[in-house]
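The primary structure of each chain is shown beneath.
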Amino acid sequence: MRSLTLKLTLAFLFVGLIGALLVAVFVGVRTQREFDQFISDRYRQDLVDQLTDYYQQNGSWQGLSAIGLRMADERGRSGYVRAPVALVDNSQVVVLGSRNYRVGQQVNQADLRGSLPVTVDGQTVGSVVIDLPDAAPSRDPYSPEDAFLVRVNQAIAFGALGATVIALALGSLLARAISRPVKELTDATQRVAGGELGHQVPVRTRDELGDLATSFNQMSADLATSNQLRRQMTADIAHELRTPLSVILGYSEALSDGKLQGKPAIYDAMYGEAQLLSHLVDDLRTLSLADAGELTLSRGLLPVAECIERTAASHAELAAQRGIRLEARAAPDLPLIDVDRERIAQVLANLVSNALRYTPEGGVITLAAEASGDRVLLRVSDTGPGIEPQHLPFVFQRFYRADDARPSNGESGLGLAIARSLVEAHGGTIQVESVVGQGATFTVALPAASQGLENPG
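Note that the structure is predicted; figures quoted are calculated from it, not measured.

The rules behind each value
Residues numbered from 1 in each chain as written. Predicted model: local features only at pLDDT ≥ 70, side-chain atom pairs only at ≥ 80, totals over all residues. Heavy atoms only, no water. Helix = DSSP H or I, 4+ residues; strand = E, 2+ residues; numbered from the N terminus. Buried < 20%, exposed > 50% of the residue type's maximum accessible area, 1.4 Å probe, protein only. Contact = heavy atoms within 4.5 Å. Areas by Shrake-Rupley, 256 points an atom, 1.4 Å probe, with all protein chains shown as cover. Patch = residues over 30% accessible without salt bridge, like charges linked within 9 Å, V, L, I, M, F, W, Y side chains within 5 Å. Salt bridge = Lys/Arg side-chain N within 4 Å of Asp/Glu carboxyl O. Expected span 1.5 Å × (residues − 1). Bend = angle between axes of the 7 residues up to and from the residue. Lys, Arg positive; Asp, Glu negative; His and termini not counted. Polar contact = N/O pair within 3.5 Å; in protein donor to acceptor, adjacent residues only side chain to side chain. Pairing = 2+ DSSP bridges.

Draft legend 1. Highlighting the overall build of the chain. The number of helices and strands found in the chain is seven helices and 13 strands. The buried share of the chain, taken over its 457 residues, is 35%. Partitioning the contacts of the chain with sequence separation of at least 6, the portion at a separation of at least 24 is 65%. Accessible surface, the chain as shown: approximately 26,600 Å² in total, 54% of it carbon and sulfur.

Given below as structure tokens:
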């Protein structure tokens, strides 16, 4: 039995059947007992009157073999109902037996508690003991009591049968509702394992199975995206490596064949391409260490203003050559930050280099710092063309570019990706905001240290 649907259906059927049988048994037993009690309570005076008449007519209890009631059913047919009682004389000896009381049995006073006295001419001549637990009515076919109990038992039987059928139907539906998404998820996992990344399953419910299907779809989509990014990154790395290698190999071959004479300009070009290769390799290594959580940070308390001014000073000459004004502003009384000085300098350098690449002549690049709650915000703003809204979510991806023509500027294409990895390694966040035609602003949020504030002077 390997089918989950069959297992669940049988489980629901078994539970429904057991429940119906238990209800039928308990209701049947309880109904009979309550009906006996009803007969006793309703007709007890009639029983006493019959016994009184018998004693008056016979002068003793000799010859008494049974006592009962004549009752009529709903069709007017008369029936005989054996009363579930025992009769005890004044010496506490049973003269009329029942299931629990034998004729001639001596009973104690406790058994007579709740009995009905039989009085003749002012004297008590016996006691009627109600014997309900084991009393059984006669099986006279005309007995209204039997007819009532038969109808009750039939109703219970039909109810139990109906409950079983409903349990089977609902069990089948619920089993299919549970097993269907499980089977779909099983098939989907096999397809993903076979290489069909991104495969989705329908989300049919909003319960735990629906949450499982949603999580699977998200996982599958993330796998497809990661695989696509991995392929794209491999292609981009190959592209980035191909250009400097081609230049170096071309010059080397020409120099080796004697087609070119060695000149300082040629050697400078080869050296520049080799530096680009080294830069790319270093960037890739930094990213791989950050991804693996193995990036080593040499933390220390750093004044934010010092970090801003140092970055502005190192890029001032290049900004001047391009006709761009570079400004640095830091709010007073900023808290210190506990960071790796060189890594944070690398983050700001990458952001400023990116701003210099896109800011036109006459533009302005601003480095600013301010406090916000328990964090320090470092902002790098430019007055360049800005970033289209559809590109904003992807600017921190490796080798991402809004167009296919990457400028030949000696950059590895990993600056923003490295900046994000380094910031996150410090427990911070980095975001970008942009308005097309008005420039872009990159904001780095770093936790503030608790050891004090910078010297405002």
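Draft legend 2. Local environment of a nonpolar patch on the surface. On the surface, F14, V15, L17, I18, L21, L22, V25, F26 and V29 cluster together into a nonpolar patch covering about 860 Å² of accessible area. Position of F26 relative to the elements: it lies in helix α1 (residues 4-58). Since its relative accessible area comes to 57%, F26 is described here as exposed.

Draft legend 3. A look at helix α5 (residues 304-321). With 18 residues, α5 extends 27 Å from end C-alpha to end C-alpha; this agrees with the ideal 26 Å at 1.5 Å per step. H315 marks the point of greatest bend in α5, at about 45°. Along its buried surface, α5 packs onto β7 (299-302), β8 (325-330), β9 (335-340), α6 (341-358), β10 (364-372) and β11 (375-382). Remark: G323 follows α5 within two positions and exhibits a positive phi of approximately 70°.

Draft legend 4. Layout of the side chain of D89. Tracing the backbone through its elements, the reader meets D89 in strand β3 (residues 85-89). Although D89 is buried, it forms no salt bridge, and the closest oppositely charged side chain is R102 at an N-O distance of 15 Å. Here V93 takes part through its backbone nitrogen, which lies 2.9 Å from a polar atom of the side chain of D89.

Draft legend 5. Representation of the pairing of β11 within the structure. Two strands pair when backbone bridges link them, and β10 and β11 are joined in this way by eight bridges, in the antiparallel orientation. Considered in β11, the bridge of T366 is made with S381. In this antiparallel pair of consecutive strands, β10 and β11, the connection spans two residues, and G373 shows a positive phi of 65°.

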